[in-house]
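Fold and contact review
The primary structure of each chain is shown beneath.
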Amino acid sequence: MGPFRHVMEGYRVVDFTQFVAGPVAGRILAEMGAEVIKIEIAPRGDGSRVFAAFKDNRSAFFVQHNRGKKSLCVDPKKPAGLEIIKGLIARADVFIENFTPGVIGRMGLGYEAVRAINPRVVMCSLSSFGQDGPLALAPGFDPSGAAYSGMIDMQGEPDGPPVGMGGAVGDTNAGVSAAAAIGFALLHRERTGTGQYLDIALVDAYFHCHDRSVHIYSGSKGAIVPRRSGNHTPFYCPAGIFKGKDRYLVITAVTQAQWAGVCRAMGRPELAADPRYDTNEKRAKGGVVEMVERWLQSLPGDDEAMRLLEREHVPVCPVLSVAEAINHPHLRQRGTVATIQDPVYGTMDVPASPVRFTQFPPLDLRAPMLGEHNAEILQNYLGYTRERIRELEAQGVIHRDNR
Amino acid sequence: MGAYSHILDGYKILDFTQFVAGPTVTRLLAEMGAEVIKIELAPGGDPLRTMYTFKDGRSSLFVQHNRGKMSLCLDAKSAAGRGILLDLARAADVLVENFTPGAIARLGLGYEAVSRINPRIIMCSISGFGQSGPLAAKPGFDTLGASYAGVIDMNGYAEGGPCPPGAAIGDVTAGLNGAASIGFALLHRERTGRGQYLDISLLDTYFHCHDFSVQAFSASGGAISPTRTGPNVPGYAPAGVFRGKQRSIVVMAITAAQWRSLCRVIGRPELGDDPEFATSTERVERMPLIRELIQGWLDTMPGDDEIIGVLEAARIPVAPVLSVAEAVNHPHLRQRGTVMTVSDPVLGLFDVPASPWRFSEFPQARNLRAPFLGEHNGTILKQYLGYTEQRLQQLAGDGILHSENR
C-alpha cells in the first residue's frame with residue numbers, strides 16, 4: 001500500500017529486553033516493519049537463548065520471540081558499551097526495557113537520562129509488578145503475575161488445588177499491551193512532538209483479563225466471592241468442558257434458544273419448556289451437565305455430537321491439543337500459524353501476530369544470531385570505523401556468536 | 001499535556017459491538033479520551049445489559065465493559081436506522097464491530113461500503129475465528145477460541161481432564177489486540193491519509209499466547225508434543241504451583257543463578273553445580289524429583305510468610321496464589337491502580353480492572369460512566385447529524401430509536 005512496506009517502516013526501536021514479555025513487544029513492532037535493534041548483554045545475551053527446543057544450540061524459543069530483530073551484543077557496564085547504547089537511543093523512536101524496576105536507572109538509562117538524550121523517544125518499561133507499589137522490586141515471571149492477579153486461583157476443581165496457566169498468557173498479553181501503548185504514544189507524538197514514558201506490568205495485564213470476577217465480587221459488596229468451579233460455572237449451564245466419547249468438547253449454550261437447541265439435539269425437545277430447567281442457575285444445579293455427558297456417551301462418536309449440536313446452532317468445539325491446533329486447516333489457511341525460515345532450523349512454525357492489517361501481508365522476519373549485527377549497527381548508526389569496532393571486540397565491549 | 005485531555009481526544013469512534021471482546025476495544029479507546037458512540041440494537045441493546053450481577057436492573061458487567069461511551073439505540077434494519085449509521089460512519093475515524101462474519105455487510109456496513117463513503121475510516125472487525133477460513137462462520141465465545149487454539153488442552157493435570165481458563169482472557173486480549181491495531185492504523189493514516197480494514201480474532205489471540213508450545217512442537221519435529229502438566233509450568237523448570245502451609249504458592253527458578261540460589265535455600269547447594277541439573281531443559285526432565293525436594297522444604301517451614309520472605313531474600317520469584325477477593329484488596333494492586341474504583345449512578349462505587357496501559361503524560365483514572373440504553377440518542381443525532389427535535393420524536397414514535405426511561 002502506497003510507499004510504505006508496513007505500518008512501522010522507518011521507525012527505529014531499541015529493544016533492551018529478555019525472556020518473553022519484552023521481546024514480544026519488540027517482535028510485534030518488527031512484524032509491522034519497524035527496525036528493531038536488540039541489545040544483548042555480553043557475552044551470553046538474552047537468557048532465553050538457552051531455552052528448549054534446540055538444534056545445533058540454536059533455541060527455537062529465542063527464534064519465536066525475536067524474529068525480525070538485529071542483535072547488538074555489548075557490555076553495558078563498560079563506559080564504551082554504555083556510550084553505544086546511549087548513542088542508539090539518541091537516534092531511536094522507541095526504547096523498550098524489561099529489567100526489574102530500578103536496574104535500568106542504575107545503568108544510567110532511566111527515563112530522566114533518556115529524555116535528556118532524546119525528548120522525542122517513547123520509553124516503555126515492562127515489569128512483573130510495575131514501577132511503583134509494595135511489590136515493585138520483586139523479581140517475577142509469568143506465573144507470579146497470574147498468582148497475584150487472582151487468575152490461577154480461578155482455575156481447577158473447587159475442592160482440588162489451583163491449576164497453573166497452560167502458557168505464558170500474561171507475558172504475551174503484557175507484550176501486546178506494551179506494543180499498543182507505544183503505538184498510541186507515537187500517535188500522540190505526531191500531534192505534540194514529544195515522547196513519554198510507559199509503565200506496563202504483567203500483574204496489570206493479568207488482572208485486566210478478569211472479564212467478570214472483579215465486578216461480581218465488588219458489585220455484590222463481597223457477598224459473591226468468585227472461586228474456581230472446575231469445568232462448569234454456577235452461572236451458566238450447559239456451558240463448559242464436557243467429556244465426550246473420544247475427547248473433551250466445549251459446549252456453550254447460555255441463552256434459552258441455545259438450551260432448546262441442546263434439548264432437540266439430545267432428542268428430548270420437551271425439556272426446553274420444562275420449568276425445572278428454565279434458567280441457567282436451575283440447569284447448573286439440576287444435573288444438566290450429567291444429562292449432557294450421558295447423551296454424549298450414548299453416541300457413536302464426537303463427530304456425531306458436533307453434527308447434531310451444530311445443526312441446532314449450538315456453539316460446540318473439540319478441545320484440540322497444541323499439535324492438533326498447529327495442523328488444523330483453519331489455523332493454517334488463516335495464517336494463525338506462521339511458518340518461518342531459520343538458518344539453523346530451516347522451516348518451523350510459530351504463532352503469527354494477532355495484530356493483523358489487511359493492507360499488509362506478513363513480513364519475512366529472521367531471528368538474529370548473538371551479536372550478528374554489531375558491526376552493521378555501529379557503522380551505520382554511529383559511524384564507528386572498522387578499526388574501532390575490532391578494538392571494542394578485543395576489549396570485550398562487544399561480543400558475537402561466530403556463525 | 002498541552003491542548004489534549006488524553007491521546008485520543010477529538011477522535012470519534014463508532015462502536016457497533018456487544019458482549020466482551022468488542023466492547024473492550026472501544027472501552028480502551030474511551031479510556032484514552034476518544035468519543036465513543038455505542039450503537040445498540042433496539043429494543044434490548046447489548047445482551048450484556050441482561051447479565052449478572054444487578055442492582056435495580058443495572059448490570060455491573062455491562063458497566064465494566066462500557067464505561068465512557070454514549071449510547072444510541074436504534075433499529076438497524078429500518079431504512080432510517082441504516083441511514084443514520086451510514087451518516088455516522090461518514091463522520092467517524094474508527095468503526096468497530098463484532099458480529100459473526102458476514103452480518104455487518106448484510107447491514108450495509110461492510111468495509112467496501114464504509115470505505116467508499118469515508119476512505120479515511122479505520123474499520124476493525126473482531127470475531128471468534130476471523131473473517132476467512134473453514135471455521136469463520138461459526139459463532140465464537142471465549143472458551144471456543146481457547147479450544148481451537150490448543151490452549152485449554154494445556155490447562156489442567158496430565159491424568160485428569162483439561163480445565164477452562166479462569167476468565168475470558170481471550171476476549172479481553174482480543175479487545176486489546178483490536179485496540180492496538182487501531183492505534184497503529186491511525187498512526188499510519190497520519191503518513192498516508194488512508195484508512196484500512198483490520199481483522200482480529202479470538203482464535204489468533206489465544207494461539208498467539210503459546211509462548212513455548214508451538215515452537216517446541218514444530219522445531220522438535222513433533223518429538224516434544226506439549227500437553228497439560230498440572231502444577232508445573234510447561235517448558236521451564238522448576239516453575240509451578242506448590243503446596244504452601246496455608247495456601248498454594250508459585251515458585252520459579254529458571255535461570256542458572258535462580259536455580260543455584262534455590263538449591264542453597266532448600267539445603268541442597270551441591271545440586272546448583274550438578275551438571276545433571278545444569279539447564280532448564282535437563283531440569284524439566286527431572287521435575288518430579290525437584291518437585292519432591294522443593295515440596296519437602298516447603299513442608300518444613302512454619303508458614304507462608306516465612307516461605308515468601310526467605311525466597312524473596314534469595315531473589316527467587318515467588319508469589320502466593322491469591323483469590324480474586326484477595327487480589328482486589330491487595331495493597332499493591334490498590335496503590336498502583338491495577339484495581340480501579342468506578343462510580344455508577346445506580347450501582348454506586350465498585351471495582352473493575354484498570355486498563356493495563358500507563359502513559360506518563362496522562363493520569364490513569366478518569367471518571368468514565370457507562371450509558372443507559374439509548375441515553376444519548378438525542379445528543380448524538382443533533383450534534384453529529386443536525387436532526388431537529390421534531391425528527392427525533394418522529395423516529396422514536398416509529399420505533400426506530402429506543403431509549404430506557406431512567
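Preceding this paragraph is the structure being described.
These lines cover the structure that appears in this document, whether it is placed above or below. (Residues numbered from 1 in each chain as written. Chains lettered and ligands numbered in written order. Predicted model: local features only at pLDDT ≥ 70, side-chain atom pairs only at ≥ 80, totals over all residues. Heavy atoms only, no water.)

Quick look at the overall build of chain A now. Within chain A, the regular secondary structure consists of 17 helices and 13 strands. Expressed as a percentage of its 403 residues, the buried residues of chain A come to 65%. The long-range share in chain A, meaning contacts at least 24 apart out of those at least 6 apart in sequence, stands at 70%. With an accessible surface of roughly 14,200 Å², chain A has 51% of that area assigned to carbon and sulfur atoms. (Helix = DSSP H or I, 4+ residues; strand = E, 2+ residues; numbered from the N terminus. Buried < 20%, exposed > 50% of the residue type's maximum accessible area, 1.4 Å probe, protein only. Contact = heavy atoms within 4.5 Å. Areas by Shrake-Rupley, 256 points an atom, 1.4 Å probe, with all protein chains shown as cover.)

Moving on: the nonpolar core. Judged by nonpolar contacts, the single largest core of 164 residues is most densely connected at M8(A), L29(A), L8(B), L29(B), I182(B), W357(B) and F359(B). By residue number, the principal contributor to this core is helix α7 (residues 169-192) of chain A, which donates 12 residues. Once residues within four sequence positions are removed from consideration, F359(B) is found in contact with A181(A), F184(A), A185(A), Q196(A), Y197(A), L198(A), H6(B), I7(B) and M32(B). In this structure, L109(A), V114(A), Y197(A) and Y384(A) belong to the second largest nonpolar core, which totals 32 residues. (Core = buried A, V, L, I, M, F, W, Y, C linked by side-chain atoms within 4.5 Å.)

A separate point is the interface of chain A and chain B. Of the residues lining the interface, 148 residues belong to chain A; the matching set on chain B comes to 149 residues. Interface area, chain A with chain B, both sides summed: about 12,500 Å², of which 67% is carbon and sulfur. Among the residues chain A hides against chain B, the three largest losses belong to F184(A), R191(A) and H208(A). Together they make up 7% of the total. Inspection of the chain A/chain B interface yields 8 salt bridges. Notably, a salt bridge pairs D204(B) with R356(A), separated by 2.9 Å at the nearest N-O pair. Where chain A packs against chain B, one counts 49 residue pairs in polar contact (both at pLDDT 80 or more). In the side of chain A that touches chain B, the residues fall into 88 nonpolar, 44 polar and 16 charged. (Buried area = accessible area lost by both parts, 1.4 Å probe. Salt bridge = Lys/Arg side-chain N within 4 Å of Asp/Glu carboxyl O. Polar contact = N/O pair within 3.5 Å; in protein donor to acceptor, adjacent residues only side chain to side chain. Nonpolar A, V, L, I, M, F, W, Y, C, P; charged D, E, K, R; others polar.)

Moving on: the sheet that holds strand β11 (residues 316-318) of chain A. Strands belonging to one sheet form pairs held by backbone hydrogen bonds; the direction of such a pair is parallel or antiparallel. Residues and elements named next belong to chain A. Spatially, 3 strands are ordered β9-β10-β11 in an open sheet, and the strand pairing comes out antiparallel. What marks the edges here is a single partner per strand, and that holds for β9 (239-243) and β11. Geometrically, the sheet is characterised by an average inter-axis angle of 25 degrees between neighbouring strands, direction not taken into account. Across the sheet, helix α12 (residues 288-298) is in contact with β9 and β10 (248-252); its angle to β9 comes to roughly 40 degrees. (Pairing = 2+ DSSP bridges. Axes fitted to C-alpha atoms, helices over the stretch in contact; angles between N-to-C directions.)

Going through the model one piece at a time under the given rule, you end up with 50 salt bridges over all chains. The partner of R358(B) in a salt bridge is D204(A), and the shortest N-O contact between them spans 3.0 Å. With R358(B) in the loop between β13 (348-353) and α16 (377-385) and D204(A) in helix α8 (residues 202-208), this residue pair bridges two chains. Grouping residues by exposure puts R358(B) and D204(A) together as buried. Because the salt bridges share partners, they merge into one network encompassing D132(A), D199(A), D204(A), R336(B) and R358(B).

The next thing to look at is the environment of L249(A). Residue and element names in this part refer to chain A. Relative to the helices and strands, L249 is located in strand β10. With a relative accessible area of 0%, L249 lands in the buried category. The contacts of L249, once residues within four sequence positions are left out, are G240, I241, F242, L296, D302, A305, M306, C317, P318 and V319.

What follows deals with the side chain of R58(B). All names here are of chain B. Structurally, the position occupied by R58 is in strand β4 (residues 58-59). Residue class for R58 comes out buried when judged on its relative accessible area of 3%. Engagement of the side chain of R58 in a polar contact is seen with the side chain of D344, the distance being 2.7 Å. Every residue in contact with R58, bar those within four places of it in the chain, is listed here: R49, T53, V63, D344, V346, L347, R369, A370, P371, F372 and R406.

Moving on to the sheet that holds strand β6 (residues 94-97) of chain A. Residue and element names in this part refer to chain A. Read from one edge of the open sheet, 6 strands run β5-β2-β1-β6-β7-β8, paired in parallel fashion. With one partner strand each, in any of the chains shown, β5 (69-74) and β8 (197-201) form the two edges of the open sheet. Across this sheet, the average inter-strand angle for adjacent strands is 20 degrees, counted without regard to direction. Across 5 bridges, strand β7 (residues 122-127) lies against β8 in parallel orientation. Across the sheet, S127 pairs through a bridge with A201, a residue of β8. Contacting β1 (12-16), β2 (35-41), β5 and β6, helix α3 (residues 79-90) runs over the sheet at an angle of about 150 degrees to β5.

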